[in-house]
There are 2 protein chains.
Amino acid sequence: MREVAVVGTSQLPVEMTSDRSLRAMGADVARGAMEAAGVDRVDAFYLGNMLSDELQGQKHLASLIADEAGLAGVEALEVRAATATGAACLRVAHLAVASGEVELALAVGVEKMSQGVATPALAKALDAEYEVPDGATLIRRNAEMMQLYLERYDVPEDGLSHFSVNAHRNARHNPNAVFRTKQITAQDVLASRVIYPPIRLFDCSPICDGAAAVLLAPAEHAHRYSEAPVRVLASAVATDRFRVVDRSEPLRLDAARLSAQRAYEQAGLGPQDIDFFEVHDAFSIMACLLLEAAGFAEAGAGWRLAQEGEIGIEGRIPIATLGGLKARGHPIGATALYQTGEIVQQLTGRAGAAQVDGARTALLQSVGGAATTLITHIIAV
Amino acid sequence: MREVAVVGTSQLPVEMTSDRSLRAMGADVARGAMEAAGVDRVDAFYLGNMLSDELQGQKHLASLIADEAGLAGVEALEVRAATATGAACLRVAHLAVASGEVELALAVGVEKMSQGVATPALAKALDAEYEVPDGATLIRRNAEMMQLYLERYDVPEDGLSHFSVNAHRNARHNPNAVFRTKQITAQDVLASRVIYPPIRLFDCSPICDGAAAVLLAPAEHAHRYSEAPVRVLASAVATDRFRVVDRSEPLRLDAARLSAQRAYEQAGLGPQDIDFFEVHDAFSIMACLLLEAAGFAEAGAGWRLAQEGEIGIEGRIPIATLGGLKARGHPIGATALYQTGEIVQQLTGRAGAAQVDGARTALLQSVGGAATTLITHIIAV
């Protein structure tokens, strides 16, 4: 298996409502990542999108957007894993280059959630037969985990609020973040309206529109395409029992543990080697549980990292360094590709005021559904 | 890149309406392919399904079915390319094993088209903004190609009917074919009702339910899992301009030509080396055009291969040897995996009365949308 490098990235500013079409957004970032690498063709084009079947009535999106980007002819496939779709797309692009068959693989993610009603389509990440008919949604599943967590570990009411505060603080330095101008306090989080108790509005990432792309090439050729390539040291996927109710310990996030463990093994690294963590903070409880599952805190202690400032840019394990899902935004099929672009910024010292000092190794995790599908990448200079 | 082998296959009988759930069908064939190879775990699970978003209200199908099959923990992702989805899934499983990272990759396809109304969901393989609002469907696009073909090459009215006759004839020998008992003549095709002129009912593959799985392993280890493994010599994807109207020559099927050419190059073979062709005969015109694009006939001469019996089991280039999409059935996400299983039957001399004598090398092609995404595999003993 040959080593893979990121040689180009591109992203659009995340917006609550974009006035551009899905295809225009996708083609824009596809061309952008290619221009960044100085190429006008790629060998494979993998597309990540979760909701276009319902929201745009479009099921054949990879070749549609490849054509819109002027790439007709190219290999084009769609890859999905519910809310981890962007990372699924990155995973397959990684396999393609690692195989030795594909030289340049473009992972393009795009989501336009403002068109139509996203919430019922998002609930399809749960079990349509056994969960959705009971009114289950991703918010409710996260609320149940949060309630259990708060009770079991006797966490103060504002114990998880600092995840959102940190995300908004970091988003100030990201021109592509949807909430780049909105600063919040822990009190603001507790004063925001209840969505499903105990989850409040400011515990949740927003429904929004965005597109991002990442171009991968063999590490051995990376300098042909980029002056500052970064290496993908690990790419790993794991799943859990599909329904939370079937898990012996719902707060343990076995899929997160397993995919992190596989990634650490591939890279020959451990949590102590990670300089920052682009975490899947779709909900504050998820950021907390993922920190624990990836080895940065004991069970029940993840919230303290936020409370004590250890997740900040200067902290022990910075997370959501350019706003995270909470404040950069979570346009699902594109999210992990935004995160990858931000990781490249950090690793190449271009994160400005959000720069993590001496950042050399990053962890990236994406969550599909109720922590059912977990995808972990480790990216390093 | 390491060579990849098929070491296990499994399939359910295709039915017009299955009384089993999507998850039960998928899990059944997943276990079946593993049992065929004598393994109780796999490293990766790639799922192919086109329509469950709408028809089953389910968007997170790979991990759902992996769990149902007792494989929770495994890497599980969904791969799609509209009506070529089954082949897209096989393609990614191939990349995973070829990369050297994954030892056992399971490609599982499942489709339950009888639940709800499939036709509008299928039309989403076309352009939702520029084609579907005008009433375009896949049937209409194929009818337009057929009309143009019949006129340009002055083909007699029954010129394409023999594709369907051949498919039904071969399906007799396939216990999993949906039309295994229904024999038809060219006159029957012309007497069947017009769906969209000049396409008649018997020119079309049926809307049906099915599931099939294929287990891939490194060729160098294949004998650990199978007494009669077959090798995947090529796996190639190509796309065309998305809309037919944007193509300079709509009957040339550039994506089919390009993906076949890439596959021939990978395998170091040409059309003369192919013993039979599991073609994407969703419509008789498509079988005809694909024969031309893959190099088995000149432009305008593909129909003669059918007319003159050259596509039969004893012919020059047998196609749809166990019924094809037309008569085995076309449960979309599973189709290419049914075809792969049938190719294995032929290559290992287990196709019974449908056996292609001395079959050693097979071509497999799948079509996404209006010949927009084309996926070609070459499989050989």
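Remember, predicted model here, so these are calculated numbers, not experimental data. (Residues numbered from 1 in each chain as written. Chains lettered and ligands numbered in written order. Predicted model: local features only at pLDDT ≥ 70, side-chain atom pairs only at ≥ 80, totals over all residues. Heavy atoms only, no water.)

1. Considering the overall build of chain A
In plain terms, the rule: Secondary structure is summarised from DSSP: a helix means a run of H or I of at least four residues, a strand means a run of E of at least two, and numbering begins at the N terminus for each. The quantity called the radius of gyration is restricted to C-alpha atoms. Its globule counterpart is 2.2 Å times the number of residues to the power 0.38. Residue contacts are counted whenever heavy atoms from the two residues lie within 4.5 Å of one another. Under the convention used here, a 1.4 Å probe and the Shrake-Rupley method define accessible areas, while residue burial counts only the protein chains that appear. Charge counting follows a simple rule: Lys and Arg are positive, Asp and Glu are negative, and His as well as the terminal groups are ignored. Charge positions come from single atoms, namely NZ of Lys, CZ of Arg, CG of Asp or CD of Glu.
Helix and strand counts for chain A stand at 14 helices and 11 strands. Against the 2.2 N^0.38 benchmark of 21 Å for 381 residues, chain A shows a C-alpha radius of gyration of 19 Å, consistent with a compact globule. Projecting the C-alpha coordinates of chain A onto the three principal axes gives extents of approximately 55 × 45 × 40 Å. Taking the intrachain contacts of chain A between residues at least 6 apart in sequence as the baseline, contacts between residues at least 24 apart amount to 76%. About 11,700 Å² of surface is accessible on chain A, with carbon and sulfur atoms providing 47% of the total. Charge separation in chain A, taken as the distance between the mean sites of 33 positive and 46 negative side-chain charges, equals 1 Å.

2. A closer look at the nonpolar core
Let me state the cut-off plainly: Residues belong to a common nonpolar core when they are buried Ala, Val, Leu, Ile, Met, Phe, Trp, Tyr or Cys residues joined through side-chain atoms within 4.5 Å. The buried label applies to any residue whose accessible area, calculated with a 1.4 Å probe on protein chains only, is under 20% of its type's maximum; exposed applies above 50%, and partly exposed to all values in between.
Core analysis: the largest hydrophobic core is formed by 303 residues, its most contacted members being Phe45(A), Tyr46(A), Leu106(A), Phe45(B), Tyr46(B) and Leu106(B). Setting aside residues no more than four positions away along its own chain, Phe45(A) makes contact with Ala30(A), Ala62(A), Ile65(A), Ala66(A), Leu71(A), Val74(A), Glu75(A), Ala76(A), Leu77(A), Leu106(A) and Val108(A).

3. As for the pattern of salt bridges
Oppositely charged side chains can pair when the atoms bearing their charge come close. Quick reminder of the rule: The salt bridge definition used is simple: a Lys or Arg side-chain nitrogen within 4 Å of an Asp or Glu carboxyl oxygen.
Counted according to the given criterion, the structure contains 54 salt bridges over all chains. When the shortest N-O distance is used, the salt bridge between Arg41(A) and Asp43(A) registers 2.5 Å. Residue Asp43(A) is classed as partly exposed on the basis of its relative accessible area, which comes to 26%. The network of salt bridges with common partners includes Asp53(A), Glu54(A), Lys59(A), Glu78(A), Arg80(A), Lys124(A), Asp53(B), Glu54(B), Lys59(B), Glu78(B), Arg80(B) and Lys124(B).

4. Quick notes on the interface of chain B and chain A
Frequently, the measure chosen for interface size is the accessible area removed from exposure when the parts meet. To keep it simple, the criterion reads: The buried area of a pairing is the accessible area, by a 1.4 Å probe, that goes missing from both parts when the two are put together, added over both.
Between chain B and chain A, the residue contacts involve 62 residues of the former and 62 residues of the latter. Of the roughly 4,700 Å² buried between chain B and chain A, counting both surfaces, carbon and sulfur atoms make up 50%. Considering only the side of chain B, the residues that lose the most area to chain A are Lys59(B), His60(B) and Arg80(B), jointly responsible for 17% of the buried surface there. Along the contact surface separating chain B from chain A lie 16 salt bridges. The closest approach of N and O atoms between Glu129(B) and Arg23(A), which form a salt bridge, is 2.9 Å. Listing elements by their share of the side of chain B that touches chain A, those giving two or more residues are α2 (52–55), α3 (61–68), β3 (75–80), α4 (85–98), β8 (230–239), α10 (254–267) and β11 (373–380) of chain B. No other element matches α4(B), which puts 7 residues into the side of chain B that touches chain A.

5. A short note on the relation of the copies chain B and chain A
This is how the line gets drawn: We superpose the copies by least squares over the C-alpha atoms of residues that have a pLDDT of at least 70 in both of them.
Of the two same-sequence chains, chain B is brought onto chain A (RMSD 0.0 Å, axial shift 0.0 Å) by a rotation of 180°. A rotation of that kind, with that shift, is consistent with a two-fold axis. Rotation axis and chain B: the residue whose C-alpha lies nearest the axis is Ser99(B), separated from it by 1.7 Å. Most of the interface of chain B is mirrored in chain A: 100% of its interface residues are interface residues there too.

6. Describing helix α6 (residues 138–152) of chain A
Residue and element names in this part refer to chain A. Quick note on the threshold: One fewer than the residue count of a helix, multiplied by 1.5 Å, yields its expected span.
Between the first and last C-alpha of α6 there are 21 Å, a value that for 15 residues agrees with the 21 Å anticipated at 1.5 Å per step. Turning to α6, its buried residues number three or more, namely Leu138, Arg140, Arg141, Asn142, Ala143, Met145, Met146, Tyr149 and Leu150. Elements in contact with the buried residues of α6: α5 (118–123), β5 (194–196), β6 (199–200), α11 (284–293) and α12 (302–307). Asp154 occupies a position one or two residues after α6 and carries a positive phi of about 50°.

7. Here we look at the pairing of strand β10 (residues 361–368) of chain A
Residues and elements named next belong to chain A. Keep this limit in mind: By definition, two strands form a pair when at least two bridges between them are found by DSSP.
Within β10, 8 of the 8 residues are buried, which leaves the element mostly enclosed by the surrounding structure. Neither face of β10 is exposed, since Thr361, Leu363, Gln365 and Val367 on one face and Ala362, Leu364, Ser366 and Gly368 on the opposite face are all buried. With 3 bridges connecting them, strand β9 (residues 276–278) and β10 associate as parallel partners. Bridge assignment links Phe276 to a residue of β10, and that residue is Ala362. Relative to strand β11 (residues 373–380), β10 is paired through 8 bridges, and the arrangement is antiparallel. Looking at β11, one finds that Leu363 is bridged to Ile378. Following β10, the chain reverses through 4 residues before pairing antiparallel with β11; Gly369 in that reversal takes a positive phi of roughly 65°.

8. Considering the side chain of Ser284(B)
Residue and element names in this part refer to chain B. What counts is decided by this rule: For the purposes of these results, a polar contact is taken to be a pair of N or O atoms within 3.5 Å, where, inside protein, one atom must be able to donate a hydrogen and its partner to accept one; residues adjacent in sequence count only when each atom of the pair is a side-chain atom.
If you trace the backbone, Ser284 turns up in helix α11 (residues 284–293). Among the residues examined, Ser284 registers a relative accessible area of 3% and is labelled buried. At 2.8 Å, the side chain of Ser284 forms a polar contact with the side chain of Asp203. Filtering out sequence-adjacent residues up to four positions away, Ser284 remains in contact with Leu160, Phe163, Ser164 and Asp203.

9. Let's talk about α11(A)
Every α-helix winds through 3.6 residues per turn, so residues three or four apart in the chain are directed the same way. Burial runs high along α11(A): 10 of the 10 residues are buried. Listed as buried for α11(A) are Ser284(A), Ile285(A), Met286(A), Ala287(A), Cys288(A), Leu289(A), Leu290(A), Leu291(A), Glu292(A) and Ala293(A).

10. Some thoughts on unusual backbone geometry
Residue and element names in this part refer to chain A. Look at the link from Pro197 to Pro198: it is a cis peptide, with omega at 0°. By the element assignment, Pro198 lies in the loop between β5 and β6. For Leu253, which is not glycine, the phi dihedral falls at a positive 50°. With respect to the helices and strands, Leu253 occurs in the loop between β8 (230–239) and α10 (254–267). Residue classification places Leu253 among the buried residues on the basis of a relative accessible area of 1%. Positive phi values are uncommon outside glycine, yet Ala371 reaches one of about 55°.

11. Re the packing of helix α1 (residues 22–37) of chain B against α3(B)
All names here are of chain B. Our working rule: Angles run from 0 to 180 degrees between N-to-C directions of axes, and those axes are lines fitted to C-alpha atoms, restricted for helices to the stretch in contact. Definitions for this section: a left-handed crossing has its near helix turned counterclockwise from the far helix by less than a right angle. A right-handed crossing has that turn clockwise. The nonpolar class holds Ala, Val, Leu, Ile, Met, Phe, Trp, Tyr, Cys and Pro. Asp, Glu, Lys and Arg form the charged class, and all remaining residues, Gly among them, are polar.
The N-to-C vectors of α1 and α3 enclose an angle of 65°; their axes lie 8 Å apart at closest approach. Crossing angle aside, the handedness with which α1 passes α3 is right-handed. Every residue of α3 that contacts α1 at Leu22, Arg23, Gly26 and Ala27 is listed here: Leu61, Leu64, Ile65 and Glu68. Classifying every residue of the contact of α1 with α3 gives 5 nonpolar, 1 polar and 2 charged.

12. Quick word on the environment of Gly159(B)
Position of Gly159(B) relative to the elements: it lies in the loop between α6 (138–152) and α7 (161–171). The sequence separation of Gly159(B) and Ala260(B) amounts to 101 residues, and the corresponding C-alpha distance is 25 Å.

13. A look at the state of the cysteines
Spelled out, the test is: Our working definition of a disulfide is a cysteine sulfur pair at a distance within 2.5 Å.
Under the counting rule described, the total for this entry stands at 0 disulfides over all chains. Its sulfur unpaired, Cys89(B) is 16 Å from the next cysteine sulfur, which belongs to Cys89(A). Since its relative accessible area comes to 0%, Cys89(B) is described here as buried.

14. Considerations on the side chain of Thr373(A)
Within the secondary structure, Thr373(A) sits in strand β11. Polar side-chain contacts of Thr373(A) include one of 3.3 Å to the side chain of Ser63(B).

15. What to know about the environment of Ala238(A)
By the secondary structure assignment, Ala238(A) is in strand β8. Residue classification places Ala238(A) among the buried positions, given a relative accessible area of 0%. Between the alpha carbons of Ala238(A) and Gln272(A) there is a distance of 22 Å; along the sequence they are 34 residues apart. Those residues in contact with Ala238(A) that lie beyond four places of it in its chain are Ala255(A), Leu258(A), Ser259(A), Arg262(A), Thr372(A), Thr373(A), Leu374(A), Gly73(B) and Val74(B).

16. Regarding the confidence of the model for chain A
Put simply, the test is: Per-residue confidence from the prediction method is given by pLDDT, with values spanning 0 to 100.
Averaged over all residues, the pLDDT of chain A equals 97, while 100% of them reach at least 70. For this predicted complex, the interface confidence score (ipTM) comes to 0.98, while the overall pTM stands at 0.98.

17. Looking at the environment of Ala123(A)
If you trace the backbone, Ala123(A) turns up in helix α5. For the pair Ala123(A) and Asp67(A), spaced 56 residues apart in sequence, the C-alpha separation works out to 31 Å.

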